[in-house]
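Close look at the chain arrangement
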Amino acid sequence: MLEEAGEVLESVLKASCLPLSFLLFVPAVLLLLLGPPPAAEAAHEFTVYRMQQYELGGQPYGTRSAVLNTEARTVEADVLSRRCVMMRLVDFSYEQYQKALRQSAGAVVIILPRAISSVPQDVVRQFMEIEPEMLAMETIVPVYFAVEDEELLSIYEQTRAASASQGSASAAEVLLHTATANGFQMVTSGAQSKAINDWLIPSVEGRLTGLGGEDLPTVVIVAHYDSFGVAPWLSHGADSNGSGISVLLELARLFSRLYTYRRTHAGYNLLFFASGGGKFNYQGTKRWLEDNLDHTDSSLLQDNVAFVLCLDTLGRGNSLHLHVSKPPKEGTLQHAFLRELEMVIASQFPEVKFSMVHKKINLAEDMLAWEHERFAIRRLPAFTISHLESHRDSRRNSIMDRRSRVDTKALTRNTRIIAEALTRVIYNLTDKGAPADLQIFTDQMVSTVFGCGKKESRIYGRALVSVLDSFCFGGVFLQQVQQEQLESVMDWLSSQPRAAQLIDKDSTFLNTLEYCMGRYLKDVKQHHVKADKRDPEFVFYDQLKQVMNAYRVKPAIFDLLLAVCIAAYLGVAYVAVQHFGLLYRMIQRLSLKTKQQ
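Residues numbered from 1 in each chain as written. Predicted model: local features only at pLDDT ≥ 70, side-chain atom pairs only at ≥ 80, totals over all residues. Heavy atoms only, no water.

Focus on the nonpolar core
Convention followed: Only buried residues count toward a nonpolar core. Its members are Ala, Val, Leu, Ile, Met, Phe, Trp, Tyr and Cys residues joined through side-chain atoms within 4.5 Å. Relative accessibility decides the category of a residue: with a 1.4 Å probe and only protein chains considered, values under 20% of the type maximum give buried, values over 50% give exposed, and everything between is partly exposed. Under the DSSP-based scheme used, a helix requires at least four consecutive residues in state H or I and a strand at least two consecutive residues in state E, with every element numbered from the N terminus. Any two residues whose heavy atoms approach within 4.5 Å at even a single point are treated as in contact.
One finds Tyr259, Phe272 and Leu311 to be the most contacted residues of the largest nonpolar core, which totals 67 residues. In terms of residues, this core owes the most to one element, helix H8 (residues 238–258), which gives 10 residues. Not counting residues up to four positions away in its chain, the partners in contact with Leu311 are Ile221, Val222, Ala223, Asn241, Gly244, Val247, Leu248, Leu251, Ile385 and Ile418.

Shown next, in the form of structure tokens:
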């Protein structure tokens, strides 16, 4: 029988010029014809940004892992265990995020739109509120953020369609769809994260020395430059605290001009400090105070500090709040500054709502509320001015804090308010008869107010006229808050992430900041904070930015079904050869019937 089958098959295959062994390779030929997609379609490479990972005061925060090599799913899938769960920001919710973690997902990738400013405001507010909760909970699996592109969105949509079909179809349909659908294996290129040893947090200080004696009072102006959000590489911190640094640099520019001329050189030292590590319990300020108060004999902070003014989130809104740990006593210079703020706002900017917010320092909390509390702990009179009423406002620590959220007009107005009040204090203009509605920093001609050096009848005191006369050069009031410069500084600050883990002493950002302060201030220098090796107050980790590859793959069940199909094919071929006589006679009978018909 086998010989007869072999002769017939041999004659057929000779006629078709194909070898007998071709029957065994038909499945392989079909697979080659169907073939895998081209390499460009089979894999996609994109940059991902990992969630925060750090320790503060021995307490871990953020994700604890960085390695990812698992199959992609969306949150619609019934089974998420050991899968990379992909989510889009517009569809993201904290409940879905918790669902993925509860089901022991292998990783989470959150896809962000290209333009954050185009995201609906309700989505932005919701995500801002979620960010602190994401960092507070213990997260073992890696959590990444990626900026969408066409290929990544296509991967997401295909994965979503495959995930959704599993829950709505029958078992047979699910099996068939699973076997035929394309899956994606998500793989990161980096290694497991590890602690960064000997990391330095830099800060920059500069000063303007007062005129008139050795024991002059000092006004300290402080703003932290670093930003914070759920992912360090996405934390641009436009309002918090790019706006504070912008105001600090503008104040340095304005008062550097006043301190250039003897007639306008005030009897106060002005000390400017751009602190680092502000988002990590103000580590830069803490070490700066220790160095100046505990480890040196000559420091402006030791002699006679009038008050410390901290600048934080000043880039939007129609309200200003002066946050204090202890209400200033009447007769002190800090009380005079509070009074001048109230007067300037009431007389020149009535649309702004102003209030003083009193909050005692709670040392039991892991994080201080505001930067002025670092100074208050060392018994230095200090306060923070901000448009936020509460330190718990989610806008202070979010990757959604981008340039579009800063109103340049509001920032310019707030800068003018602070500059006017500060000038009135250190030059004692109110006691010298200056009216409440006097606009010192304005682009108008001084001659319209004071006649620009001409002793007219509208004189409010010789000292005041002496001060204001020197502002005039050819009748023009040169000292004005420049909105264009504030806008340029804000554009520069918000164009780059400024997380403390990314700014070292040699970074381009810090060198540029030091250069800007050096243009207006004297004795500009850096200060560095280094964590203690035995009992570190903060620990940073690496692998915050990686390359992820999405490989197009078939599921494991596809290999199983393919093996079953090949085995069935070979089994049918074997049975046909073994019973070829019966098969041959059957085919002959069928062919005879066809001919007779």
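A look at the sheet that holds strand S1 (residues 43–50)
Rules: Strand pairing is assigned whenever DSSP identifies at least 2 bridges connecting the two strands. Lines fitted to C-alpha atoms define the axes here, with helix axes fitted over just the stretch in contact, and angles between the N-to-C directions of these axes take values from 0 to 180 degrees.
Taken in spatial order, the seven strands line up as S1-S7-S6-S5-S4-S8-S20 and close into a barrel, and their pairing is mixed. Going across the sheet, the axis of each strand differs from the next one's by a mean of 35 degrees, ignoring polarity. Two strands pair when backbone bridges link them, and strand S4 (residues 69–74) and strand S8 (residues 183–188) are joined in this way by three bridges, in the antiparallel orientation. From the neighbouring strand, Thr70 faces S8, where its bridge partner is Met186. Together, strand S5 (84–88), strand S6 (107–112) and strand S7 (143–147) form the strand contacts of helix H4 (residues 94–102), whose direction differs from that of S5 by roughly 175 degrees.

Focus: the packing of aromatic side chains
Test applied: Note on aromatic pairs: the rings of Phe, Tyr and Trp (six-membered ring only in Trp) are paired at centre separations within 6.5 Å, and the planes decide the class, stacked below 30 degrees, edge-to-face beyond 60, tilted for the rest. In this scheme, the term charge over a ring applies when either NZ of a lysine or CZ of an arginine sits within 6 Å of the ring centre and within 35 degrees of the ring normal.
Taken as a whole and assessed by the stated rule, the structure comprises 18 aromatic pairs. Each ring, one from Phe273 and one from Trp288, has its centre 3.8 Å from the other, and the planes form 10 degrees; the classification is stacked. Separated by 15 residues along the polypeptide, Phe273 in strand S11 (residues 269–275) and Trp288 in helix H9 (residues 283–293) bring together distant segments of the chain. Of the two residues, Phe273 and Trp288, both sit in the buried class. The lysine or arginine in question, Arg64, covers the ring of Tyr541, its NZ or CZ lying 5.6 Å from the ring centre.

Here we look at the pairing of strand S13 (residues 319–324)
Keep this limit in mind: Here the term right-handed applies to a crossover when the path leading from its first strand over the helix to its second strand runs clockwise, the strands being oriented away from the viewer.
Of all six residues in S13, six are buried; the element is thus mostly enclosed. Note: S13 against strand S14 (residues 353–358), six bridges, orientation parallel. Note on S14: the bridge partner recorded for Ser319 is Lys353. With helix H11 (residues 333–348) bridging S13 and its parallel neighbour S14, the resulting β-α-β unit is right-handed. Bridge count for S13 against strand S15 (residues 382–386) is four bridges, and the pairing is antiparallel. Paired with Val324 across the strands is Phe383, a residue of S15.

The quantities given are spatial measurements derived from coordinates; they are silent on function.
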